[in-house]
Amino acid sequence: MASVPSLAATVHQRVANALSAALPEAGSADPLLRRSDRADFQANGLLALAKKLKGNPRELAAQVVGVLDGTAEGAERPADDVVQDVEVSGPGFLNITISDQAIVRTLAARAADARLGVPYAEHPGTTVIDYAQPNVAKEMHVGHLRSAVIGDAVVRILEFSGEQVVRRHHIGDWGTQFGMLIQYLIEHPHELDHGGEGEVSGEEAMSNLGRLYKASRVLFDSDEEFKARSRDRVVALQAGDEETLALWQRFVDESKIYFYSVFDKLDMEIRDPDVVGESGYNDMLDETCRLLEESGVAVRSEGALCVFFDEFKGPDGKPTPLIVRKSNGGYGYAATDLSAIRDRVHNLKANTLLYVVDARQSLHFRMVFETARRAGWLGDDVRAVQLAFGTVLGKDGKPFKTREGETVRLVDLLDEAVDRAAVVVREKAEDLTEEEIAERAAQVGIGAIKYADLSTSAARDYKFDLDQMVSLNGDTSVYLQYAYARIQSILRKAGDARPAAHPELALAPAERALGLHLDQFAETLAEVAEAYEPHKLAAYLYQLASHYTTFYSECPVLKADSPAQVENRLFLCDLTARTLHQGMALLGIRTPERL
Ligand code: ARG
């Protein structure tokens, strides 16, 4: 496991050294290196420096060039010739061109490493990530899909960076609605029984729950006596009455069958011990409220226990409080989240708390974080971040609903994506069996849904458009998966020729562009992990596939001019495939070997 310095890092160092050699009075000025269209890199730092030193930027730039290209007096030309050419341009920029051999040599070092030369984070910590948190006895919807897909990618990216990651699936498994559900089940004891033998499927489980939910709701709204019995049932549940808890557990278990079936379809591993729902913090709620009240962070207002903020006001201009305990003594969502923070910081030792939750809950989290800070549960050494995501819209640009105006069932969406993918796979399939087509269709269809979600910045709303998602053209996972499969097919056809780096060969423009982009993988990942931005990884991979497509059309691989060039091009193919595979895996998307 050797981390490989990127060409950008190497060049940055070279230019910085040359800068301080040429202009000792500059101290350690940043050369401000950027990727550039004009050359491989451009350094813009001399403009600011010239201002500071009251010099002419072009003249200063020329002095730095002298050191870099070895023409300055006493300058030594760097032994390994990373920088092939450097010239002054415009008002005082440096345009820097890397040598072909430096590119191939760096890529060879990446290829020799199982992590493609990607370093671990310098200061890893512990992140507790709250994601994939559906609600018991309710259908999952597209919002739950987003949390799961984004959260899963972020977990993978952080773990790859060396971060210790604790997953928490904060499912909605508590609340007054359970009084109604449990009471209904007591009065209709066979409603959750499974007819027949064998295991119940996720869909059956959900349809049982859905039916029960509807029936109990109808009764609750129409029958005052049932309503009263349901209210008593909530009290019994909160008091820990055993029979009531046992029935509550049945709802949770039944729901988990459903959740796991959906996560399974999503090709996502959710582990049972990580499912710590709202109910998991019941024992802490009293104490959380007591501590808040004793410290004066929360005060009683109209019988409720509230936290007030100057900065959060409702539309009427009155302050919107965070209600920690309702006037009837019931605890809400906030009390649970505050208790969860205490648990995650004190017991799980988190340095970072990350919440992958709908942007519509942003006010809640801002108030919860601020309350926890005031209470001293969140110190300066702990970061709390809501990775807030936008709404999934239908083709019409309105929140995604069925034609009847109902929430779209997640399972139906996933199945439809897989069906559409099957059509695409079948069209292209040359020698695939039916079984293989089904397997690929699942990988392509689910990949398409994940990629569509991950390729736009999480904060933005996006349109759910299956036609676009499974399209072979454009920024889709299918395009990336085909690029990968095409490379694998070339590698299979190569016969005895093996991928091997040949730094002595001159590179064609498309080879250089591909090579320079391959070299940016580690830097991209560091940025993506730092700011929780999987869409930047998606964009990187899409560009990689595009560079590859250009390379493939401009540079014959197996029919290249010399055996060495065949090997070198196979090497570029192979490293591209490995980078695509690794990048897609970090997004939770499969790359089938054949498509
Ligand atoms: N179950 C909630 C929902 O469906 C999301 C929970 C988010 N996590 C949290 N700690 N509040 O909207």
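This is a predicted model, so every value here is computed, not measured.

Engineer: Would you explain the overall build of the protein chain in this entry?
Structural biologist: In terms of regular secondary structure, the protein chain is built from 20 helices and 13 strands. Considering only C-alpha atoms, the protein chain reaches an extent of 95 × 65 × 40 Å along its principal axes. Here the protein chain holds 595 residues, and 42% of them are scored as buried. Taking as baseline every contact in the protein chain between residues at least 6 positions apart, the subset at least 24 positions apart corresponds to 74%.

Engineer: I tried to follow the environment of Thr576 on my own but got confused; where do I start?
Structural biologist: The residue Thr576 is located in helix α20 (residues 563–586) in this model. Residue Thr576 is classed as buried on the basis of its C-beta count, with 24 C-beta atoms lying within 10 Å. With 89 residues separating them along the chain, Thr576 and Ile487 place their C-alpha atoms 8.3 Å apart. Ignoring sequence-local partners within four residues, the contact set of Thr576 consists of Ile487, Leu514, Leu518, Leu544 and Tyr548.

Engineer: Would you mind going over unusual backbone geometry with me for this structure?
Structural biologist: The general pattern is negative phi for most residues beyond glycine and trans for most peptide bonds. Although it is not a glycine, Leu116 adopts a positive phi angle of roughly 55 degrees. Take Leu116: it is sitting in the loop between α4 (100–111) and β5 (126–130). Judged by the 22 C-beta atoms lying within 10 Å of it, Leu116 falls in the buried class. Non-glycine residue Ala132 carries a positive phi angle of around 50 degrees. Tracing the chain through its elements places Ala132 in the loop between β5 and α5 (142–160).

Engineer: Mind showing me how you'd approach the nonpolar core here?
Structural biologist: Where a protein is soluble and globular, its nonpolar side chains tend to be buried together. Val64, Leu94, Val154, Val324, Val356, Ala448 and Leu541 are the most contacted members of the largest nonpolar core, which has 167 residues in total. Residue assignment places this core across two domains, with domain 1 (7–98) and domain 2 (421–586) each supplying three or more. Apart from the residues lying within four places of it in its own chain, the contact partners of Leu541 are Leu480, Leu580, Gly583 and Met584.

Engineer: Looking at this structure, how should I read the sheet that holds strand β1 (residues 33–35)?
Structural biologist: For sheets, the rule is that strands pair by backbone hydrogen bonds, running either parallel or antiparallel. An order of β1-β2-β4-β3 is seen for the four strands of this open sheet, with the pairing classed as antiparallel. This sheet does not close on itself; its edge strands, each paired only once, are β1 and β3 (83–89). Pairs of neighbouring strands in the sheet enclose a mean axial angle of 25 degrees, with direction left out of account. Across three bridges, the pairing between strand β2 (residues 41–43) and strand β4 (residues 93–98) is antiparallel. What sits directly across from Ala43, in β4, is Leu94.

Engineer: Please clarify how the pairing of β4 should be interpreted in this entry.
Structural biologist: Looking along a regular strand, one sees side chains alternate from face to face of the sheet. The pairing of β3 with β4 spans six bridges and is classified as antiparallel. The residue bridging Val88 from the neighbouring strand is Leu94, located in β4. Here β3 folds back onto β4 in antiparallel fashion, the turn holding three residues, of which Gly90 has a positive phi close to 55 degrees.

Engineer: What is the right way to read the packing of α5 against helix α14 (residues 434–454) from this model?
Structural biologist: Packed helices, taken two at a time, are described by the angle between their axes plus the distance between the axes. The N-to-C vectors of α5 and α14 enclose an angle of 80 degrees; their axes lie 10 Å apart at closest approach. Classed by the angle they form, the pair α5 and α14 counts as roughly perpendicular. Every residue of α14 that contacts α5 at Arg146, Val149, Ile150 and Ala153 is listed here: Lys450, Asp453 and Leu454.

Engineer: How should the domain arrangement of the protein chain be read in this particular structure?
Structural biologist: Frequently, the measure chosen for interface size is the accessible area that the parts lose on association. Examined at the domain level, the protein chain breaks down into domain 1 (7–98) and domain 2 (421–586). Averaged C-alpha coordinates put domain 1 and domain 2 at centres separated by 34 Å.

Engineer: What is the right way to read the packing of α14 against helix α16 (residues 477–493) from this model?
Structural biologist: For the pair α14 and α16, the least separation of the axes is 8 Å and the interaxial angle reads 125 degrees. As judged from the angle between their axes, α14 and α16 are oblique. Where α14 abuts α16, its residues Val444, Gly447, Ala448 and Tyr451 lie against Ser477, Val478 and Gln481.

Rules behind the numbers
- Positions within a chain are numbered from 1, following the residues in the order the chain's sequence is written.
- With the structure being a predicted model, the display of local features is reserved for residues of pLDDT at least 70 and the display and counting of side-chain atom pairs for 80 or more, all residues being used for whole-chain, interface and lining totals.
- Put simply, DSSP H or I for four residues or longer makes a helix, DSSP E for two residues or longer makes a strand, and each gets a number counted from the N terminus.
- With C-beta atoms placed from the backbone, a residue counts as buried when 20 or more other C-beta atoms lie within 10 Å of its own, as exposed when 12 or fewer do, and as partly exposed for counts between those limits.
- In this description, any two residues whose backbone-derived C-beta atoms lie within 7 Å of each other are considered to be in contact.
- The nonpolar core is taken to be a set of buried Ala, Val, Leu, Ile, Met, Phe, Trp, Tyr and Cys residues joined by way of C-beta atoms within 7 Å.
- Each domain's extent was defined by an automatic or database domain assignment.
- In this description, strands pair whenever DSSP reports at least two bridges between them.
- To define axes, lines are fitted to C-alpha atoms, for helices over the stretch in contact only, and angles between the resulting N-to-C directions are given on a 0 to 180 degree scale.
- Small angles under 35 degrees read as roughly parallel and large ones over 145 as roughly antiparallel, with 65 to 115 read as roughly perpendicular and the rest as oblique.

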